[in-house]
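# Tertiary structure, described
Single-letter residue listing:
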Amino acid sequence: MILEGTLIRPNTSGRVELIAGQLTIDPQAGRIVQVRTIDDAPTAADSYSSPQPPDLGGHATEWLVAPGFIDAHVHLPQFDAIGAGGLPLLDWLDRAILPVEARWNDSDYARDRVRAAIGRMLDHGTTAFAAYATIHHDATRAALEEAHALGLRAAIGQPMMDQHHARDSIRSTDALLEEACALLEENASRHGGRVEVALTPRYAVGCSARLMTGLAELARDHGALIQTHLSETRDEVELALKIHPASNYTAIYDQYGLLTPRTVLGHGVWLDDNERQLLAQRGAVVAHCPVANAFLRSGAMDWNLLDQCGVRLAIGSDIGAGSQPAMPRVGQALLRTVGDLHPEGPIPDPAEVWWRLTRGNALALGWENVGHLEPGAEADLLVLRPDVAWSNAPDPLGMLLHSWDDRWLKAVIVAGRVARRFP
Ligand SMILES: [Zn+2]
């Protein structure tokens with residue numbers, strides 16, 4: 001497959017560039033095998049006269065080709081719980097969310113809802129993600145199987161709790177540790193897949209010391225990704241510290257061995273200086289979820305401050321506290337949050353936001369060959385045809401980010417194969 005158009009190409013300086021070019025994709029390998037830009041194409045007229053996929057029509061330069069979006073923090077069952085507003089985090093979790101997740105006790109139902117959730121992400125151009133399933137082992141296995149069958153790049157975890165919540169939202173520590181181990185082993189036997197298990201202690205309040213220590217050991221033995229929540233609201237911080245005495249919330253995870261360069265912590269809104277330093281030292285990633293933070297009125301995470309402290313950062317939709325599966329809209333929300341906190345300070349520019357939503361999130365999740373347009377990269381791609389005059393705009397990437405419209409998506413390619421084609 002050959003794709004031609006203007007490439008939104010991530011570079012090694014944390015930004016994207018717009019450059020006319022052509023990608024050659026090997027659908028068998030699921031990878032980009034060649035990248036030519038207009039400068040090294042033999043004759044521009046020949047190269048750019050036949051847009052691909054061929055039946056998409058129009059002149060190639062009207063098309064944009066970008067890496068697929070990556071969502072670093074999303075809850076698969078919560079696509080069915082978006083919009084449950086008016087409650088603070090801990091009440092929202094108990095009253096709105098956990099009852100919806102309890103339905104995944106039926107793994108056939110769960111499989112159906114996984115398909116719907118992944119379908120929605122693909123419809124909005126998200127081709128890779130780090131996701132939470134539910135505490136149910138079979139439902140989590142179904143989610144892993146579905147992602148694997150679609151050839152997606154994904155990390156999926158069984159969010160575990162063994163204390164503090166209602167009886168049907170928690171499980172025994174031994175059973176959970178056994179199931180975490182089984183998921184890792186089963187997934188390892190799927191050779192060549194792009195799906196990995198994320199060990200997922202849901203958050204410190206719901207997890208005993210033994211559960212967190214056990215999951216940290218498993219992560220170390222298997223080199224596995226860890227995902228959890230950190231410091232989303234003040235009430236949560238207070239409760240976590242009551243249950244697990246420590247100098248701060250981040251130190252709770254650190255004392256159980258959960259802070260590694262493969263740890264992704266959702267939110268990090270209410271952190272102090274010591275916590276930011278500790279996160280930077282451990283190389284752990286904070287996934288900023290601006291839409292969700294605004295919806296639950298949890299507070300505003302200080303992106304600039306974490307960035308200046310050297311904390312690795314990612315961006316997540318956090319569906320269903322977040323309501324927005326289109327990652328460019330999550331990027332817009334990031335800029336609003338930074339702007340509100342720092343009315344006169346620096347703000348990430350659109351070239352950086354595009355990079356964060358693609359290459360940046362891939363690197364944060366430890367996916368070296370994902371999220372960029374280079375030979376050898378996994379071919380998760382978007383073909384876009386915007387209906388705005390971006391090429392003549394004062395800031396083309398700014399126009400593409402701020403006027404984002406899902407209807408621009410004409411094809412979504414996953415591992416070198418067309419997963420979605422839109423008229
Ligand atoms: Zn979350």
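Residues numbered from 1 in each chain as written. Predicted model: local features only at pLDDT ≥ 70, side-chain atom pairs only at ≥ 80, totals over all residues. Heavy atoms only, no water.

Protein coordination of the zinc ion is provided by His73 (NE2), His75 (NE2), His229 (NE2) and Asp318 (OD), with donor distances spanning 2.1 to 2.6 Å. Each of the four donor atoms around the zinc ion contributes to a set of angles spanning 87 to 170°, which defines the coordination as irregular. For the zinc ion, the single-chain donor residues occur in sequence as H-x1-H-x153-H-x88-D. Residue histidine 229 is found in strand 9 (residues 225–230), and its partner aspartate 318 is found in the loop between strand 12 (312–315) and helix 12 (327–341); the two are separated by 89 residues along the sequence. Given the relative accessible area of 7%, histidine 229 is considered buried. (Donors = N, O, S within 2.8 Å, 3.2 Å for Na, K, Ca; no water. Tetrahedral: all angles 85-135°; square planar, octahedral: opposite > 155°, others 65-115°. Helix = DSSP H or I, 4+ residues; strand = E, 2+ residues; numbered from the N terminus. Buried < 20%, exposed > 50% of the residue type's maximum accessible area, 1.4 Å probe, protein only.)

Turning to empty space enclosed by the protein, a few remarks are in order. Counted according to the given criterion, the structure contains four cavities of 30 Å³ or more. When its volume is computed, the largest cavity comes out at roughly 120 Å³. What lines the largest cavity is a set of 14 residues, and nearest its centre among them are Leu89, Trp92, Leu93, His229 and Glu232. Ranked by residues supplied to the lining of the largest cavity, first place goes to helix 2 (residues 89–102) with three residues. Tallied by class, residues from the lining of the largest cavity come to six nonpolar, four polar and four charged. (1 Å grid on protein atoms, 1.4 Å probe; cavity = no way out; pocket = protein on both sides within 12 Å on 5 of 7 lines; lining within 4 Å. Points joined across faces, edges and corners; volume = space filled by probe spheres on them. Nonpolar A, V, L, I, M, F, W, Y, C, P; charged D, E, K, R; others polar.)

Attention now goes to unusual backbone geometry. Omega for the bond connecting isoleucine 319 with glycine 320 falls within 30 degrees of zero, at 5°, which places this linkage in the cis form. One can find glycine 320 in the loop between strand 12 and helix 12. For histidine 164, which is not glycine, the phi dihedral falls at a positive 70°. Relative to the helices and strands, histidine 164 resides in the loop between strand 7 (153–157) and helix 5 (173–188). Despite not being glycine, serine 231 has its phi angle at roughly 50°, a positive value. Tracing the backbone through its elements, the reader meets serine 231 in the loop between strand 9 and helix 7 (234–243). By relative accessible area, serine 231 is classed as buried at 0%.

Once the domains are mapped, the chain shows domain 1 (2–67 + 371–421) and domain 2 (69–364). Residue-level contacts link 28 residues of domain 1 with 28 residues of domain 2. Approximately 2,500 Å² of surface area, both sides summed, lies buried where domain 1 meets domain 2, with 62% of it carried by carbon and sulfur atoms. When residues of domain 1 are sorted by the area they lose upon contact with domain 2, Leu401, Trp404 and Arg420 head the list and together hold 25% of the total. The interface formed by domain 1 and domain 2 contains six salt bridges. A salt bridge links arginine 329 to aspartate 406; its shortest N-O distance comes to 3.7 Å. At the boundary of domain 1 with domain 2, the tally comes to 13 residue pairs in polar contact (both at pLDDT 80 or more). Among the elements of the structure, strand 1 (2–10), helix 14 (396–402), strand 14 (409–414) and strand 15 (417–421) are those that each provide at least two residues to the side of domain 1 that touches domain 2. A per-element tally of the side of domain 1 that touches domain 2 places helix 14 first, with five residues. Looking at side-chain class alone, the side of domain 1 that touches domain 2 contains 15 nonpolar, six polar and seven charged residues. (Domains from an automatic or database assignment. Contact = heavy atoms within 4.5 Å. Buried area = accessible area lost by both parts, 1.4 Å probe. Salt bridge = Lys/Arg side-chain N within 4 Å of Asp/Glu carboxyl O. Polar contact = N/O pair within 3.5 Å; in protein donor to acceptor, adjacent residues only side chain to side chain.)

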